[in-house]
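Listed here are the chains, written in short residue letters.
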Amino acid sequence: MNLSIRGQQIEVTDALKDYVDKKLSRLEKYFDAPLNSDGAVTLSTTRGLHTVEVTIPLKGIVLRAEDESDDMYASIDAVVDKLERQIRKHKTKVNRKYRQEGSLKTLFVEDPSGTVATAELDAEPDDDDYEVVRTKRFMLKPMDVEEAILQMNMVGHNFFVFSNIDNEEVSVVYKRNDGKYGLIEQG
């Protein structure tokens with residue numbers, strides 16, 4: 001896996017780079033083939049808190065985790081633990097759903113579906129001025145509602161846009177305030 005490690009308001013030393021590489025290499029044991037994706041690691045410090053954010057796009061999913069603590073090394077450890085939990089959770093769900101169709105490793109590693117749809121809302125209204133400050137374009141992966149919820153939780157967003165495999169329409173799942181999930185479909 002190729003990692004792009006950058007620092008915000010912190011100098012990324014060789015020791016930090018080596019520690020990040022060592023810890024994230026633990027994830028490779030979950031895959032049959034070496035990871036060919038380019039992961040992004042951002043280390044930042046604000047008011048004494050050290051934040052680590054890792055994003056690893058893979059075929060069919062995006063692994064993303066973030067942690068903040070008063071120790072950079074502890075934050076790195078926590079992010080790797082979160083990523084491992086995401087991988088195990090995804091593999092378990094995929095295995096449960098497709099048990100009859102193939103092996104777990106084949107489904108997780110060889111998913112031919114393409115890019116996962118993720119989006120973020122960065123624009124905040126300023127009085128009556130609604131300025132779009134970011135635009136994202138992406139391919140929508142056909143999936144069912146359960147898989148879309150899993151993907152939404154894995155990337156840490158409150159909503160997820162996807163192509164509903166049941167009706168071939170664009171749909172949105174979202175997390176409700178009561179902790180349950182909602183589905184928006186075209187009417």
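Above this text you will find the structure in question.
Here the structure is a predicted model, which means the values were calculated and not measured. (Residues numbered from 1 in each chain as written. Predicted model: local features only at pLDDT ≥ 70, side-chain atom pairs only at ≥ 80, totals over all residues. Heavy atoms only, no water.)

A.B. asks: Before we go on, may I ask you to explain the sheet that holds strand β8 (residues 181-185) in this structure?
C.D. replies: Hydrogen bonds between backbone atoms are what pair the strands of a sheet, whose relative direction is either parallel or antiparallel. Spatially, the 4 strands line up as an open sheet ordered β5-β6-β7-β8, and their pairing is mixed. Each edge of the open sheet is held by one strand with a lone partner, namely β5 (142-143) and β8. Relative to strand β7 (residues 170-175), strand β6 (residues 159-164) runs antiparallel, the two being bridged by 5 bridges. Along β7, the bridge assignment pairs phenylalanine 162 with serine 171. (Pairing = 2+ DSSP bridges. Helix = DSSP H or I, 4+ residues; strand = E, 2+ residues; numbered from the N terminus.)

A.B. asks: Honestly, the pairing of strand β4 (residues 61-69) in this entry has me stumped. Any pointers?
C.D. replies: Consecutive side chains of a regular strand alternate in pointing toward one face of the sheet and then the other. Among the 9 residues that make up β4, 7 are buried, leaving the element largely enclosed by the rest of the structure. Here strand β3 (residues 49-58) runs beside β4; their pairing, made up of 9 bridges, is antiparallel. For glutamate 53, the partnering residue across the bridge sits in β4 and is glutamate 66. Between β3 and β4, which follow one another and run antiparallel, lie 2 residues, and glycine 60 among them has a positive phi close to 90 degrees. (Buried < 20%, exposed > 50% of the residue type's maximum accessible area, 1.4 Å probe, protein only.)

A.B. asks: Just to check I follow, could you spell out the nonpolar core for this structure?
C.D. replies: A general feature of soluble globular proteins is that nonpolar side chains tend to end up buried together. In this structure, Leu24, Leu43, Val54, Leu63 and Leu83 are the most contacted members of the largest nonpolar core, which totals 27 residues. Among the elements of the structure, α1 (14-24), β2 (38-46), β3, β4, α2 (72-97) and α4 (145-155) are those that each provide at least two residues to this core. Of all the elements, α2 adds the most residues to this core, at 6 residues. Excluding anything up to four places from it in sequence, leucine 63 contacts Val54, Thr55, Ile56, Leu58, Leu83, Gln86, Ile87 and Met154. In this structure, Met143, Ala148, Met152 and Val173 belong to the second largest nonpolar core, which totals 7 residues. (Core = buried A, V, L, I, M, F, W, Y, C linked by side-chain atoms within 4.5 Å. Contact = heavy atoms within 4.5 Å.)

A.B. asks: Got a minute to help me understand the sheet that holds β2 in this structure?
C.D. replies: Ordered by their spatial adjacency, 4 strands build an open sheet running β1-β2-β3-β4, and the pairing between neighbours is mixed. Two strands close off the open sheet at either side, each with one partner strand: β1 (2-8) and β4. The average angle at which neighbouring strand axes cross in this sheet is 10 degrees, direction not considered. Along the sheet, α1 makes contact with β1, β2 and β3, crossing β1 at roughly 135 degrees. (Axes fitted to C-alpha atoms, helices over the stretch in contact; angles between N-to-C directions.)

A.B. asks: When you look at a negative patch on the surface in this model, what are you seeing that I'm missing?
C.D. replies: A surface patch of negative charge is lined by Asp166, Glu168, Glu169 and Glu185. Counting through the fold element by element, glutamate 168 comes out in the loop between β6 and β7. Of the residues examined, glutamate 168 reaches a relative accessible area of 70% and is grouped as exposed. (Patch = residues over 30% accessible without salt bridge, like charges linked within 9 Å, V, L, I, M, F, W, Y side chains within 5 Å. Areas by Shrake-Rupley, 256 points an atom, 1.4 Å probe, with all protein chains shown as cover. Salt bridge = Lys/Arg side-chain N within 4 Å of Asp/Glu carboxyl O. Lys, Arg positive; Asp, Glu negative; His and termini not counted. Charge placed at Lys NZ, Arg CZ, Asp CG, Glu CD.)

A.B. asks: Help me understand the packing of aromatic side chains in this model?
C.D. replies: Ring pairs (aromatic) are described by centroid distance and by the angle formed between their planes. For the structure shown, the criterion picks out 1 aromatic pair. Judged by centre distance (4.8 Å) and plane angle (85 degrees), the ring pair of tyrosine 19 and tyrosine 73 falls under edge-to-face. Highlighted residues: tyrosine 19 in helix α1 and tyrosine 73 in helix α2, separated in sequence by 54 residues. On the accessibility criterion, tyrosine 73 (33% relative accessible area) is partly exposed. (Phe/Tyr/Trp six-rings, centres within 6.5 Å; stacked < 30°, edge-to-face > 60°.)

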